[in-house]
Amino acid sequence: MSDTGINWRRYDAEKDGEAIRRIWEEVGWIEPDNKGHREALGWFAEAGSALVGLVRDEAECLVLTAPGTLRYLHTDLPFSAVSGVTTSAVARKQGLASRLTARAVAEAAQDGAVVSGLGAFEQGYYTRFGFGMGGYDHKLMFDPGELQVPAKARPPYRLTVDDWEEMHTNRLGRKRYHGAVSLTPAAVTRAEMRFYRHGFGLGYRDGEDDALSHHIWLQTEHRDHGPYCVEWLVYETPEQLLELLALIQGMGEQVRVVKMMEPRGVQLQDFRITPFRDNMVRDSGRFKTGMESVAWWQMRINDVETCIGAVTLPGHDELRFNLTLTDPIEPFLMNDLEWRGVGGEYVVTLGRSSGAERGRDAALPTLNAKISALTRLWLGVRPATGLAITDALSGPIKLLEALDETLRVPDPYPDWTY
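To start, this report covers the structure provided alongside it. (Residues numbered from 1 in each chain as written. Predicted model: local features only at pLDDT ≥ 70, side-chain atom pairs only at ≥ 80, totals over all residues. Heavy atoms only, no water.)

**A short note on the overall build of the protein**
What the protein contains, in helices and strands, is 11 helices and 21 strands. In terms of overall dimensions, the protein is globule-like: its C-alpha atoms have a radius of gyration of 23 Å, near the 22 Å expected for 418 residues. Taking the principal axes of its C-alpha atoms as reference, the protein extends roughly 65 × 60 × 45 Å. Taking all 418 residues of the protein together, the buried fraction comes to 53%. Restricting the contact set of the protein to residue pairs at least 6 apart, pairs at least 24 apart contribute 73%. Surface exposure of the protein reaches about 19100 Å², of which carbon and sulfur atoms provide 48%. Here the protein carries 46 positive and 59 negative side-chain charges, and the mean point of each set is 3 Å from the other. (Helix = DSSP H or I, 4+ residues; strand = E, 2+ residues; numbered from the N terminus. Rg over C-alpha atoms; globule rule 2.2 N^0.38 Å. Buried < 20%, exposed > 50% of the residue type's maximum accessible area, 1.4 Å probe, protein only. Contact = heavy atoms within 4.5 Å. Areas by Shrake-Rupley, 256 points an atom, 1.4 Å probe, with all protein chains shown as cover. Lys, Arg positive; Asp, Glu negative; His and termini not counted. Charge placed at Lys NZ, Arg CZ, Asp CG, Glu CD.)

Right, here's the structure in full:
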């Protein structure tokens, strides 16, 4: 198929399998002759939608998406992750990645995904398609032996890549906070696990019929002393979280550094004995300790009415305003797509019951925003007055301040890399 000179088709494993492996090898996402990487790529491609861009009828660009959910406050919304955008050296600057990424978002929106997300490539790159940058996650690097967790870990069960289905079910049932993402296809977890040469898991079977109740999955390139990287940590209760942290603490007899994202709702420094001294002593090299703040994800609203309708703000007076919304994705969309973005005029109500409808009320103040900035405001990444300084959002100062007071939601935390 073609549209304005762009040739593409839906991924066909028989036709395109070798070509997409070559693409991922060229961009450095997989290692040549690594069987695990090749298998993982195949499972990623089968986990959702896969589109390939063509040069001389050969796949030279691959865009992957996977369906899932986004937790907004206490509601699960249909979500789509753009899980991979890769272009070979042959097809750079031909518009393939841009047009196929826009198509992937539009097709997901047409299928009901009210929000799309992806991992940031570089500041501003995916803003062209309406994606807004997420907030900061805390990545910690610490000596596990320097933890002091008020719990004792029982002997865990050993988990391997053969347990991928059970581990995926456990991930979907984990404790989720505002902004949490879950990718539905089990092939996603299978592929992520197979991607690591030295991956392993530890967990507990306290569920019904000995089902997995809480676990961690780790990987390392240095089995002796680490660093060990916690790729995910799955739990439902505070007691389960403490037991998993106690497991990590127990690694301190051999492992010198563990790297992990800080779980939402806790401050791991509370469990460290001498964090300042440890960070000063080991501030470089393989066993560096400390903390980094990482903004790695982006999201965009695909359905304004549904997303605003998910806002519940009990205890706040109702706030109403006009919204003039622009969506930059439309010029990238192919002609056969029904979904054309979400730009236009809306009347928005925020309060105990919220909503948005097409139209305009001359008696109300007006907020002007690009969809990227509105998404950040809606998620709680930054307040309206802050976005008015740094992003494409503007309006009367009284309206911005009222939004700051009214739209108070927790920091969003995806808790699932994609």
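Moving on from the coordinates now.
**Quick notes on the side chain of Thr189**
Within the element layout of this structure, Thr189 appears in helix α5 (residues 186-194). The contacts of Thr189, once residues within four sequence positions are left out, are Trp164, His168, Arg171, Trp232 and Trp416.

**Observations concerning the nonpolar core**
Residues Tyr72 and Trp378 are the most contacted members of the largest nonpolar core, which totals 97 residues. Excluding its chain neighbours within four sequence positions, the residues that come into contact with Trp378 are Leu70, Tyr72, Leu77, Val115, Ile301, Cys307, Ile308, Val311, Leu407 and Val409. Counting residues in each nonpolar core, the second largest holds 24 residues, with Leu218, Leu244, Ile248 and Phe271 among its members. (Core = buried A, V, L, I, M, F, W, Y, C linked by side-chain atoms within 4.5 Å.)

**What to know about the sheet that holds strand β19 (residues 355-358)**
Taken in spatial order, the 5 strands line up as β19-β18-β17-β20-β21 in an open sheet, and their pairing is mixed. Looking at strand neighbours, the two that pair on one side only are β19 and β21 (393-394), the edges of this open sheet. One ladder, built from 2 bridges, connects strand β20 (residues 366-370) with β21; its direction is antiparallel. Looking across to β21, one finds that Asn368 is bridged to Ser394. Set on the sheet, helix α9 (residues 371-379) makes contact with β17 (319-326), β20 and β21; between it and β20 the angle comes to about 110 degrees. The strands touched by helix α11 (residues 397-406) are β17, β18 (344-350), β20 and β21; relative to β17, the strand with the most contacts, the crossing angle is about 110 degrees. (Pairing = 2+ DSSP bridges. Axes fitted to C-alpha atoms, helices over the stretch in contact; angles between N-to-C directions.)

**Section: the packing of helix α2 (residues 35-46) against α5**
Running from N to C, α2 and α5 point in directions that differ by 160 degrees, and their axes come no closer than 8 Å. Here α2 is positioned roughly antiparallel relative to α5, judged by the angle of their axes. Every pair of crossing elements has a handedness; the one defined by α2 and α5 is left-handed. Residues Gly36, Glu39, Ala40, Trp43 and Phe44 of α2 touch α5, and the partners they reach there are Ala187, Val188, Arg190, Ala191, Glu192 and Arg194. Taken together, the residues of the contact of α2 with α5 break down into 6 nonpolar, 1 polar and 4 charged. (Parallel < 35°, antiparallel > 145°, perpendicular 65-115°, else oblique. Left-handed = near helix turned anticlockwise from the far one by under 90°. Nonpolar A, V, L, I, M, F, W, Y, C, P; charged D, E, K, R; others polar.)

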